[in-house]
Amino acid sequence: YMAMNVTKKPFDDKRVREALNLAVDREALRKGVLRGFADPMTSVLADSVAFYVKQSDEIKRDVARAKELLKQAGYPDGFEAEVWLSNNTERKDVATAIQQQLAEVGVKIKPVPMDTGALSTNLWTQDRERNKVQLYFGAWSTSTGDADWAIRPLLAGESAPPKSYNVGFYNNQKVNDLIKAGLATADTKKRAQVYADLQKEIWDDKPWVFLYKSQNVWGTGANVEGTYVQGDGIVSYNGISFK
């Protein structure tokens, strides 16, 4: 996903956030950069996470509509911004492709790759007043498999840095209330409704440029047993044996 710092212009305007979502060609990213090993996001949750509800097959690219929304928001000629990301080959390749796509609607972004230490210092240890992030291209893996841990650390108002990972400083009161409601009950039916409403609100408000769900790809030998890749991409060697 690409988080937008909604406390800074122009990302405080929903029309701009919608325009950026419409300007990205996810199918081109999937085929051209990710070699087919990805699927477009269809919700803020991955489809294997509990309480997932599909919001859209895919956000279809619409350059004309994106330009119109930018014009309505007061940016007929687009704008310039930096996107921060980790110093990772795949991330840099994707960011470069997104840079080219957004340029077609007049938005000029500059990818700024950082090593882990620099990224952590700039993103997660700086509060709203000191944080200079505009855009952040990152990823998240829901290690619990539950909707709460896929949303609360990233999008709850109380999860802004330096406390947690809401690097866009998103603070939607309806989202905050629904997050709390999801935590307040163990009733499966009630939680399902809460997270359905929560996914719809986030999807409609577009605090992120929703991108793709990665497919974990791994290999092993015919003589190896008892190992597998977890959902977060970490390889488990517990119980590994060799024939």
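An account of the accompanying structure is given in this report. (Residues numbered from 1 in each chain as written. Predicted model: local features only at pLDDT ≥ 70, side-chain atom pairs only at ≥ 80, totals over all residues. Heavy atoms only, no water.)

The secondary structure content of the protein amounts to eight helices and 11 strands. Expected size for 243 residues packed as a compact globule is a radius of gyration near 18 Å; at 19 Å, the protein falls within 12% of this value. Here the C-alpha coordinates of the protein stretch approximately 65 × 40 × 35 Å along the principal axes. Buried residues in the protein amount to 45% of all 243 residues. (Helix = DSSP H or I, 4+ residues; strand = E, 2+ residues; numbered from the N terminus. Rg over C-alpha atoms; globule rule 2.2 N^0.38 Å. Buried < 20%, exposed > 50% of the residue type's maximum accessible area, 1.4 Å probe, protein only.)

This next bit is on the packing of helix α7 (residues 173-183) against helix α8 (residues 188-205). Each pair of packed helices can be described by the angle between their axes along with the distance between the axes. Running from N to C, α7 and α8 cross one another at 160°; their axes reach a closest spacing of 9 Å. In terms of orientation, α7 lies roughly antiparallel with respect to α8. Crossing angle aside, the handedness with which α7 passes α8 is left-handed. Where α7 abuts α8, its residues K174, V175, L178, I179, A181, G182 and L183 lie against R191, V194, Y195, D197, L198, E201 and I202. In terms of residue class, the contact of α7 with α8 is built from nine nonpolar, one polar and four charged. (Axes fitted to C-alpha atoms, helices over the stretch in contact; angles between N-to-C directions. Parallel < 35°, antiparallel > 145°, perpendicular 65-115°, else oblique. Left-handed = near helix turned anticlockwise from the far one by under 90°. Contact = heavy atoms within 4.5 Å. Nonpolar A, V, L, I, M, F, W, Y, C, P; charged D, E, K, R; others polar.)

Before going further, it helps to examine the sheet that holds strand β6 (residues 208-209). Pairing is mixed in the open sheet, where five strands are placed in the order β4-β3-β5-β1-β6. On the outer flanks of this sheet lie β4 (108-114) and β6, each paired with one strand and no other. Packing of helix α4 (residues 89-103) onto the sheet brings it into contact with β1 (2-4), β3 (80-86), β4 and β5 (135-137), and relative to β4 it is tilted by some 170°. (Pairing = 2+ DSSP bridges.)

Evaluation of the coordinates by the stated rule reveals 11 aromatic pairs. Taking the centre distance of 4.0 Å and the plane angle of 20° together, the rings of Y1 and W208 count as stacked. Residue Y1 is found in the segment before β1, and its partner W208 is found in strand β6; the two are separated by 207 residues along the sequence. Taking NZ or CZ as reference, R91 lies 6.0 Å from the ring centre of F137, over its face. (Phe/Tyr/Trp six-rings, centres within 6.5 Å; stacked < 30°, edge-to-face > 60°. Lys NZ or Arg CZ within 6 Å of the ring centre and 35° of its normal.)

What follows is about the nonpolar core. One broad rule of soluble globular proteins: the nonpolar side chains tend to lie buried together. Ranked by size, the top nonpolar core spans 70 residues in total, and within it L20, I98, L102, L135, I151, W208 and L211 carry the most contacts. With residues up to four places along the chain from it excluded, the contact list for W208 reads Y1, M2, A3, M4, N21, M41, V44, L154 and L155. (Core = buried A, V, L, I, M, F, W, Y, C linked by side-chain atoms within 4.5 Å.)

Before going further, it helps to examine the pairing of β3. The buried count for β3 comes to five of seven residues, which makes it a mostly enclosed element. Where β3 lies against β4, seven bridges are found, and the strand directions are parallel. Its bridge partner being in β4, A81 is matched across the sheet by I109. Each parallel crossover has a hand, and the one from β3 via α4 to β4 is right-handed. Relative to β5, β3 runs parallel, the two being bridged by two bridges. Following the sheet pairing, W84 is matched in β5 by Y136. (Right-handed = clockwise from strand over helix to strand, strands pointing away.)

What follows covers a nonpolar patch on the surface. Together, V235, Y237, I240 and F242 make up a nonpolar patch on the protein surface, roughly 400 Å² of accessible area in all. By relative accessible area, which is 53% here, Y237 ends up exposed. (Patch = residues over 30% accessible without salt bridge, like charges linked within 9 Å, V, L, I, M, F, W, Y side chains within 5 Å. Areas by Shrake-Rupley, 256 points an atom, 1.4 Å probe, with all protein chains shown as cover. Salt bridge = Lys/Arg side-chain N within 4 Å of Asp/Glu carboxyl O.)

Before going further, it helps to spend a moment on the environment of A103. You can see A103 is positioned in helix α4. Judged by its relative accessible area of 45%, A103 falls in the partly exposed class. Taking the C-alpha atoms as reference, A103 lies 8.6 Å from G78; in sequence the two are 25 residues apart.

Right, let's get into the packing of helix α6 (residues 147-155) against α8. Contact geometry of α6 with α8 gives a least axis separation of 11 Å together with a crossing angle of 40°. Taken together, the axis directions place α6 and α8 in an arrangement best described as oblique. α6 and α8 meet at a crossing whose hand is left-handed. Where α6 approaches α8, its residues A147, D148, I151 and L155 are matched on the opposing element by R191, Y195, L198 and I202. Taken together, the residues of the contact of α6 with α8 sort by class into six nonpolar, no polar and two charged.

Moving on to the side chain of R191. Within the secondary structure, R191 sits in helix α8. Apart from residues lying up to four places away in sequence, R191 is in contact with F51, D146, D148, G182, T185 and A186.

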